[in-house]
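# A look at the structure
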Amino acid sequence: MNVATDAVRFVRAEPVAAAPPPTLTRGPVAWIRENLFAGPVNTVLTLIALYIVIVTVPPVMKFFFIDAVWSGSNRDACRPEVLGRPVGACWAYVIDKINYFVYGSYPISERWRVNAFFVLLALGLGWLLWLDAPRRSLGAIYFFVVFPLLAYLLLSGSHFLGLEPVPTSLWGGILVTVIVSLVGIVFSLPFGVVLALGRRSRLPIIRFFSVVFIEFVRGVPLITVLFMANTMLPLFLPEGTTVDRLVRPLVGVALFASAYMAEVVRGGLQAIPKGQYEGAMSLGLNYWQMMCFIILPQALRIVIPGIVNTFIGLFKDTTLVAIVGIFDLIRTVEASRVDPNWAAPTINTTGYAFAGIFYFLCCWGMSRYSLAVERRLAAGQRR
Amino acid sequence: MKRAIATIAVGLAASLFAGAAFAQSTLNNVKQKGFLTCGSNPGLAGFGVPDAQGNWTGLDVDFCRAIAAAIFNDPTKVRFIPLSAKDRFTALQSGEIDVLARNSTWTMSRDTQLGLDFTGINYYDGQGFMVRKKLGVSSAKELNGATVCTQQGTTTELNLADFFRSNNMKYEVVAFATADETFKAYDAGRCDAFTTDASGLYAERLKAANPDEHIVLPEIISKEPLGPVVRHGDNQWADIVRWVHFAMLNAEELGVSKANVDQQLKSENPEIKRLLGTEGKFGEAIGVTNDWAVRIIKHVGNYGEVFERNVGAGSPLKIQRGQNALWTKGGLQYAPPIR
């Protein structure tokens, strides 16, 4: 072989770099074409949506951020004629009142106890909700046994522990919203499961009472239950005897949520094929073993969306306690927005926007978490 | 988990039951509890509003603090139960609260048919009108043909109809469900005039885009005497509540204020001596100590001070004393003498 022929011959040592696909089939342009302008209907819908976004988003942004006022100590900070420019949301008001929104009238010197309660709550929630957390069974005991006791002692106080007692009439704001929803959520699931089992029980008396309770409670609006508790109940009790004003709606909310939860759980129980029951019985499991190990784990998994839906509904329903004079977050916003020191045109909007953001973040968090749990628990059945 | 939470609920309930006692007299009951339970407004500018720290302030709030000061020498020994207009009287009837100071209008049916007693009038309110300055109206009688914004289903709406009919004037009413909506509509120019209780007019005006462009007309077209309420039948308690208000009025009339009460204790004026308990046993006669008025004035102040601080010149509301001035200054506030 001579050198010249070798030089002419071409052998590629490396593969050719792949040529980019035509720009019209990949990349942002193609994505837009495929997803936004795929056909005439699609194009029209996209344009309408775009128009709505352009019309609504900039003014909202302008109101809540660009024209917003972030600092100030009284109404002058948020008055257009003082500032000489249009004024959007008055966040200075929320910042000034934030302690009231979080703690209500809880005595200032004792507010560390509320903070401690929030920390303990976060610890318990984290332990329970983080699926890979160590010793989760201990976490459950902490959350359902230790934490409620600690929280009760911390918040109401006792002379024995050297904590000044704080009457519940001083509790308010986010603290009360959290307590009412927590009690409702924590009570409703176990009570709901028991009621659902009772309703499907073969024992007539148990079934009868479960049905009566569920149908009666579902048959009246929550507001009626609350009015009964806070307005009617004191008339029936002997003069001077009172049940705490906060405990009354707490019990009402817990009972109410349980009835709804029972129906959700019953839906799950009915979705379990008969073979599962028969299989469990043929293994020699008794009723409770069958329920705990075979039926409920499957039934509850099916109804996770329903359960979370009930929780979210309950969380938002807690604002109804405001009507019977309990100072939850909405009530504190309403009480403080009339403060003449903060009288300005946008105060109402700002106050409600703050409450809206708080509720949205909480409900959105719950729903995202439940989606994640659902995906994880359904791993075995993914197709 | 159920058990733990049930334990808490039961524990809470039990501890609250244990604290309750059967009422003999309201005063003894209050002394036994160690605090006064006062039905208050859940949020009304100048009368009951929480400050940034959650402490309640306002004219009605200060009245309850004055009662607590007279009984306990401590204005903080009062628990406020914010009540809606619907459940305020039920809460009093059921004994849940000891006194109701929640801008409640004294009417015959409330006084006679509910088993309740009004003990006095701590604020003379009445329905008024607000208009834009540029409308050029200086009296409500000139409002013929005007559009008026008001709240639906309130006595305000009825008073409005009465006023225009009795003056043979035409008007058009634009009614809204909430007070906020009503004022917003007026502020946006939907109506010529806005009507509600006069104290409310001042509070709403502050929220206007340009408060200086609006004026409150001098006419008051309805009587809204607001006062504290107690249960019928416990006359000793009614006496205390009634005379707390009178003591604050007498203090203002005699020039005894928060600042000078200690010097006034040495005063030789027999009226001041009787008020401050350096002469006579007027306090003991109603079941409190003889220095009861000193306690009220020292901790809360006289009526004028309370008024100025909460709704008057010292507050953003800047309401004139008007009918609420002392009788010596052309107003209606008149207290019987202590003797």
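Because the structure is predicted, anything quoted here is derived from the model rather than measured. (Residues numbered from 1 in each chain as written. Chains lettered and ligands numbered in written order. Predicted model: local features only at pLDDT ≥ 70, side-chain atom pairs only at ≥ 80, totals over all residues. Heavy atoms only, no water.)

## Overview of the overall build of chain B
- Across its full length, chain B holds 14 helices and 13 strands.
- By the compact-globule yardstick of 20 Å for 339 residues, chain B fits well, its C-alpha radius of gyration being 22 Å.
- Projected onto its principal axes, the C-alpha positions of chain B cover 70 × 60 × 40 Å.
- Relative to its full complement of 339 residues, chain B shows a buried share of 56%.
- A separation threshold of at least 6 residues defines the contact pool for chain B, and within that pool the share at least 24 residues apart is 70%.
- Within the structure as shown, chain B displays about 14,300 Å² of accessible surface, and the carbon and sulfur contribution to it stands at 52%.
- Averaged over its 36 positive side-chain charges, chain B has a centre that lies 4 Å from the centre of its 36 negative ones. (Helix = DSSP H or I, 4+ residues; strand = E, 2+ residues; numbered from the N terminus. Rg over C-alpha atoms; globule rule 2.2 N^0.38 Å. Buried < 20%, exposed > 50% of the residue type's maximum accessible area, 1.4 Å probe, protein only. Contact = heavy atoms within 4.5 Å. Areas by Shrake-Rupley, 256 points an atom, 1.4 Å probe, with all protein chains shown as cover. Lys, Arg positive; Asp, Glu negative; His and termini not counted. Charge placed at Lys NZ, Arg CZ, Asp CG, Glu CD.)

## Thoughts on the overall build of chain A
- Along its length, chain A carries 16 helices and zero strands.
- For chain A, the C-alpha radius of gyration of 29 Å lies well beyond 21 Å, the compact-globule estimate for 383 residues.
- A principal-axis box enclosing the C-alpha atoms of chain A has dimensions of 115 × 80 × 50 Å.
- Sorting the 383 residues of chain A into buried and exposed places 42% on the buried side.

## A few points about the interface of chain A and chain B
- Chain A puts 55 residues into the contact, and the matching count from chain B is 49 residues.
- Regarding the contact of chain A and chain B, the summed buried area is about 4,500 Å², with carbon and sulfur atoms giving 65% of it.
- Our count for the contact surface shared by chain A and chain B stands at nine residue pairs in polar contact (both at pLDDT 80 or more).
- Within the residue set of the side of chain A that touches chain B, elements represented by two or more residues are helix H4 (80–83), helix H5 (91–103), helix H7 (136–156), helix H8 (173–199), helix H10 (222–236), helix H11 (247–271), helix H15 (329–337) and helix H16 (347–377) of chain A.
- Here the side of chain A that touches chain B is built from residues that sort into 28 nonpolar, 14 polar and 13 charged. (Buried area = accessible area lost by both parts, 1.4 Å probe. Polar contact = N/O pair within 3.5 Å; in protein donor to acceptor, adjacent residues only side chain to side chain. Nonpolar A, V, L, I, M, F, W, Y, C, P; charged D, E, K, R; others polar.)

## Brief notes about the state of the cysteines
- Applying the stated criterion across every chain, the model contains three disulfides over all chains.
- At a sulfur-sulfur separation of 1.8 Å, the disulfide partner of Cys78(A) is Cys90(A). The chirality of the disulfide connecting Cys78(A) with Cys90(A) is right-handed, given an S-S dihedral of about 70°. With a gap of 12 residues between them, Cys78(A) in the loop between helix H3 (40–66) and H4 and Cys90(A) in the loop between H4 and H5 connect regions that are remote in the sequence. The pair formed by Cys78(A) and Cys90(A) is uniform in burial state, with each residue classed as buried.
- What pairs with Cys149(B) in a disulfide is Cys191(B), and their sulfur atoms sit 1.8 Å apart. Across the S-S bond of Cys149(B) and Cys191(B) the torsion is about 50°, and the bridge reads as right-handed. Of the two residues, Cys149(B) is situated in strand S9 (residues 146–151) and Cys191(B) in the loop between helix H7 (179–187) and strand S11 (193–197); the sequence distance between them amounts to 42 residues. (Disulfide = S-S within 2.5 Å.)

## Focus on empty space enclosed by the protein
- Enumeration over the complete set of coordinates arrives at three cavities of 30 Å³ or more.
- Quantified by volume, the largest cavity comes out at close to 50 Å³.
- In terms of lining residues, the largest cavity is bounded by Tyr100(A), Gly104(A), Ser105(A), Ser169(A), Leu170(A), Trp171(A), Gly172(A), Phe327(A), Trp56(B), Phe80(B) and Pro82(B).
- For the lining of the largest cavity, the residue count by class is seven nonpolar, four polar and no charged. (1 Å grid on protein atoms, 1.4 Å probe; cavity = no way out; pocket = protein on both sides within 12 Å on 5 of 7 lines; lining within 4 Å. Points joined across faces, edges and corners; volume = space filled by probe spheres on them.)

## Comments concerning the environment of Arg136(A)
- In this structure, Arg136(A) sits in helix H7.
- You can call Arg136(A) partly exposed: its relative accessible area is 33%.

## A look at the domain arrangement of chain B
All names here are of chain B.
- According to the domain assignment, chain B contains domain 1 (20–124 + 225–329) and domain 2 (132–222).
- Summarising the inter-unit geometry, the C-alpha centres of domain 1 and domain 2 are found 31 Å apart.
- Taken over both partners, the interface formed by domain 1 and domain 2 buries close to 520 Å², and the fraction arising from carbon and sulfur atoms is 74%.
- Contact with domain 2 buries area across many residues of domain 1, yet Pro316, Leu317 and Ile319 alone supply 55% of it, more than any other trio.
- Between the two partners, domain 1 and domain 2, sit zero residue pairs in polar contact (both at pLDDT 80 or more).
- Taken together, the residues of the side of domain 1 that touches domain 2 sort by class into six nonpolar, no polar and one charged. (Domains from an automatic or database assignment.)

## Considering the environment of Gly157(A)
Residue and element names in this part refer to chain A.
- Within the element layout of this structure, Gly157 appears in the loop between H7 and H8.
- Judged by relative accessible area, Gly157 falls into the buried class, the value being 16%.
- C-alpha separation for the pair Gly157 and Val44, spaced 113 residues apart in sequence, amounts to 62 Å.

## Some remarks on unusual backbone geometry
Residue and element names in this part refer to chain B.
- One non-glycine residue with positive phi stands out, namely Asn103, at about 25°.
- Among the secondary structure elements, Asn103 is positioned in strand S5 (residues 99–105).
- Of the residues examined, Asn103 reaches a relative accessible area of 18% and is grouped as buried.
- Residues other than glycine seldom take positive phi values, yet Lys318 does so here, at roughly 55°.

## Observations regarding the packing of aromatic side chains
- Under the criterion given, the structure shown has 35 aromatic pairs over all chains.
- Between Tyr93(A) and Phe101(A) the ring centres are 6.2 Å apart and the planes differ by 75°, which places this aromatic pair in the edge-to-face class.
- Take Tyr93(A): its relative accessible area is 0%, and that puts it in the buried class.
- A ring pair is formed by Phe358(A) and Tyr359(A), whose centres lie 5.5 Å apart and whose planes are at 80°; its orientation type is edge-to-face.
- Here the aromatic cluster, defined as three or more aromatic residues joined through ring pairs, consists of Phe117(A), Phe118(A), Trp127(A), Tyr142(A), Phe143(A), Phe144(A) and Phe147(A).
- When the ring centre of Tyr186(B) is taken as origin, the NZ or CZ atom of Arg132(B), which lies over that ring, is 4.6 Å away. (Phe/Tyr/Trp six-rings, centres within 6.5 Å; stacked < 30°, edge-to-face > 60°. Lys NZ or Arg CZ within 6 Å of the ring centre and 35° of its normal.)

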